Amino acid sequence: MDSALLSLLAAFLLSLIGLLAFIWSLRKGLLFENPRAASTIFAPGEIGKADDPALDGQAAQRLQEAISKSHGDEPQAEDPDEIKDRIAADRSTAFPVFMFIAFGCMWLVLGATAGLVSSLKLHWPDWMVSDAWMTFGRMRTVHLIAVLYGWITNVELGIIVWLLPRLLRTPLKGPLWVMLGGSFINVGIASSIGAIGAGWSDGMEYLEIPWQIGLFIQAGMICIIGSVFYTLLHRKVHELYVSAWYHIAALLWITLLFTVAKLPGVHFGVQQAMTNWWYGHNVLGLWFTPVALGAIYYFLPKTIGRRVRSYNLSLLGFWTLAFFYAQVGGHHLVGGPVPGWLVTLSIVQSMMMIIPVAAFSINMAGTMWGRMRLALYSPTLRFMMFGGFMYLLSSLQGSFESLRSVQQVAHFTHFTVAHAHLGAYGFVSMVLFGAIYFMMPRVLHWEWPYPKLISLHFWLASIGITIYFVLLSWGGWLQGLAMLDATREFMDSVRVTIPYLEWRSVGGGLMWLGHMVFVGHLLVMILRFGPNRTGEALFAPEKMKLEIMHGK
Amino acid sequence: MENEAKLTAGAMTTFGIAVAALVVLPYIQVSDVQPPDGLKPYTSAETRGRDSYIANGCVYCHTQQPRDRSFAPDAERGWGRVTTPGDYYYDKPHLLGSMRTGPDLMNIGVRQPSMDWHLGHLYQPRAYVPDSIMPSYPYLFEIKDEAEDGEIIVRLPPKFAPEGKIVVARPEAVDLVKYLQSLDRSYPILPPDPQGVEGTDKAAE
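Residues numbered from 1 in each chain as written. Chains lettered and ligands numbered in written order. Predicted model: local features only at pLDDT ≥ 70, side-chain atom pairs only at ≥ 80, totals over all residues. Heavy atoms only, no water.

An unreviewed UniProt entry lists chain B under the name Cytochrome c domain-containing protein, with Nitrosomonas stercoris given as the organism.

As recorded in an unreviewed UniProt entry, chain A goes by the name Cytochrome c oxidase subunit 1, bacteroid, listed as coming from Nitrosomonas stercoris.

Rendered as structure tokens:
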């Protein structure tokens, strides 16, 4: 049978199965709304109450007024039992979370600096060339490892560890195992950055970490998964909130992904290239994305005191993401020496990604409808909304970018780099910033000393990424067109990008500046400098507040 | 959803399908690929040079996968024919690359066989390609008063040579160039199986 007929038959069978699943879910009542499940993140009476620990007293009051005006209902007094559980959950995670966030921010400073240096090197090729570790090929890779594994992974682990006990209303079980796991992971990251600087690399994009060092990261992940599952088994709630699905599944996925892709001595030749890109795309799709989405599903409704619009839509978004995203990645090899069916499969699944993206975006738009201006009052909300919107944008762009006709121009150019930054920075990192602004006052029992710096950070980061993305995409597209035109010499495709590469450094510089503001602010908070405020951010009872503040 | 077992099982199933489709099937499909007659394994010097190529991250700016004529004018640029899985038989790790900040290097050994050109270009790319944005690699070279026995002197355009001194290539630079010279996939490969070409079945009827 020829392949066209086979694929038609497969598509027919798949849609038949889909139809049956749809009918079954209708009969099971899965498509009816389930507001009880969507409310699990709120204590009874808490709906309608503003919650943004990043705000000081007055600002929090303004947010509350704005919310009361738009929701039209006054919050009731919360159930003290639930709040007690939440405080216990927060206390059990404070130290591990602090560790993850502190490591994450340290790697962010290093990674952003290495990124800025690499960007400058692209238009100042004779700058900083005297030593091997400074060369573009190593500096760029240090940037990648530091921000992907050091910054994003650490902070995401911090979010998972902080959020799960809250969602499960159970203190974290085995926090020492989590700390041990976190130490293993950071030893692994530090060693791999050292190794790459010294020229020891496995040589594949996203998989540069030598597999011997990778064992540390795997061991660390296993320690953390063990503790997370043990907590899960002891949970007090009946419903698992959507953030918990995303986070638990993502933890399993990243561990397996890394294991499959790093198996020493198995992958070879073009098959290795396929595994490489399958991993490279899925580390974004099955680790960074689900954790960031899970975070939005918690922080965004929590800040405005309103449950997500449709719980079932989030369920649909989760399962379609799990199914489709895992098979994306082959499109990175469009036109390369790989089987055509593999590339086609990945392109089809990339387009299917529109379903989970639409499910998430419609859900969030429904939740925020008529309340967009609340972002004026709450920095957490602002970061979350920006991140959620960039998720929509970068995923739609990614879906269309996988098409052969677009790839023909965009592939092998800076266009792809711009797209990667839109996802990893515009979406994921912005969500992480927002989550840190929400979590840290609870973790440290101290308010953000200078709320204006949060706004400054937001604007530096968002203007920086916009400049970076728009101009680099433009330059990359021109580069691709120049390369496709056989009448133009290759060097034309280099020359045409120079002004855009310079703009990229400007955008990158703004982002870098934003990080310095952010990390500096966090440092001030950790060291308890700055104004000593009453603690609107705290919701611990008076007695506990004193107990924790003894450090001052 | 209230059951963590269902969640775990579902997450593992979707993941398993993806591994089967994107890792295991390609593994089976290319596991019996044989090296083409024209392809030789890398010598030890070339292997060292390849390690240096990896260590310095050359792969982040240079691909090693010329594409088909129907897709991009790679062949017109002299970058060679489209590659097949067999061409990468000895490549571990693969260095296909994903960026063309610089040109494709799959057949650089054919295009640019000169050791002198490569050494000079690594020392200062702008000595040969004025607008190049490739970094220079001075740490692969030594600047000396005179060369010792067996050392390779880099001949540079006068404007780029250090005054009164000579530049000699360190062994890493020589190995790296030997690797670049070995990049040659210009030997012929078998024409594709006519049965696999769309439309031929009908034409035969």
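Having seen the structure, we can now continue with the description.
**Some details on the overall build of chain B**
Using the following cut-off: Secondary structure counts use DSSP, requiring at least four H or I residues in a row for a helix and at least two E residues in a row for a strand, with both numbered from the N terminus. Note that the radius of gyration is over C-alpha atoms, with the globule rule given as 2.2 Å times the number of residues to the power 0.38. The rule is simple: take the accessible area with a 1.4 Å probe, protein chains only, and divide by the maximum for that residue type; under 20% is buried, over 50% is exposed, in between is partly exposed. Contacts are residue-level and defined by heavy atoms, with any inter-residue pair within 4.5 Å sufficient. All accessible-area figures derive from a Shrake-Rupley calculation using a 1.4 Å probe, and residue coverage is judged against the displayed protein chains alone. For the purpose of charge, His is not counted, nor are the chain termini; Lys and Arg are scored as positive and Asp and Glu as negative. Where a charge sits is defined by one atom per residue type, namely NZ (Lys), CZ (Arg), CG (Asp) or CD (Glu).
Scanning chain B from N- to C-terminus turns up six helices and three strands. Secondary structure elements of chain B, listed N to C terminal, follow the sequence α-α-α-α-β-β-β-α-α. For chain B, whose C-alpha radius of gyration is 23 Å, the value lies well above the compact-globule estimate of 17 Å for 205 residues. Oriented by its inertia axes, the alpha-carbon framework of chain B measures out at about 75 × 60 × 35 Å. Across the 205 residues that make up chain B, the buried fraction comes to 49%. Relative to all contacts within chain B whose residues are 6 or more apart in sequence, the contacts with residues 24 or more apart total 68%. On chain B, roughly 10,000 Å² of surface is accessible, and the fraction owed to carbon and sulfur atoms is 56%. When the 20 basic and 28 acidic side-chain charges of chain B are each reduced to a single mean position, those positions are 3 Å apart.

**Topic: a nonpolar patch on the surface**
Quick reminder of the rule: Within the patch definition used here, like charges are joined within 9 Å and nonpolar side chains (Val, Leu, Ile, Met, Phe, Trp, Tyr) within 5 Å, considering only residues with over 30% relative accessible area and no salt bridge. Whenever Lys or Arg places a side-chain nitrogen within 4 Å of a carboxyl oxygen from Asp or Glu, that contact is recorded as a salt bridge.
The grouping of W341 of chain A together with V24, L25, Y27 and I28 of chain B at the surface amounts to a nonpolar patch, some 440 Å² of accessible area in total. Here the element with the most residues in the nonpolar patch is helix α1 (residues 4-30) of chain B; it accounts for four residues. With respect to the element layout, V24 of chain B can be found in helix α1.

**Let's talk about the pattern of salt bridges**
All names here are of chain A. Under the counting rule described, the total for this entry stands at 27 salt bridges over all chains. A salt bridge links D51 to R442; the shortest N-O distance between them is 2.9 Å. In this pair, D51 is assigned in the loop between α2 (35-38) and α3 (57-71) and R442 in helix α15 (residues 414-444), connecting sequence segments 391 residues apart. Take D51: its relative accessible area is 8%, and that puts it in the buried class. Of the charged contacts, one joins D85 and R169 as a salt bridge, the two residues approaching to 2.9 Å between their closest N and O atoms. Here D85, found in helix α4 (residues 80-123), pairs with R169, found in the loop between α5 (136-168) and α6 (175-197); they are 84 residues apart in sequence, far enough to count as distant. We classify R169 as partly exposed; its relative accessible area is 23%.

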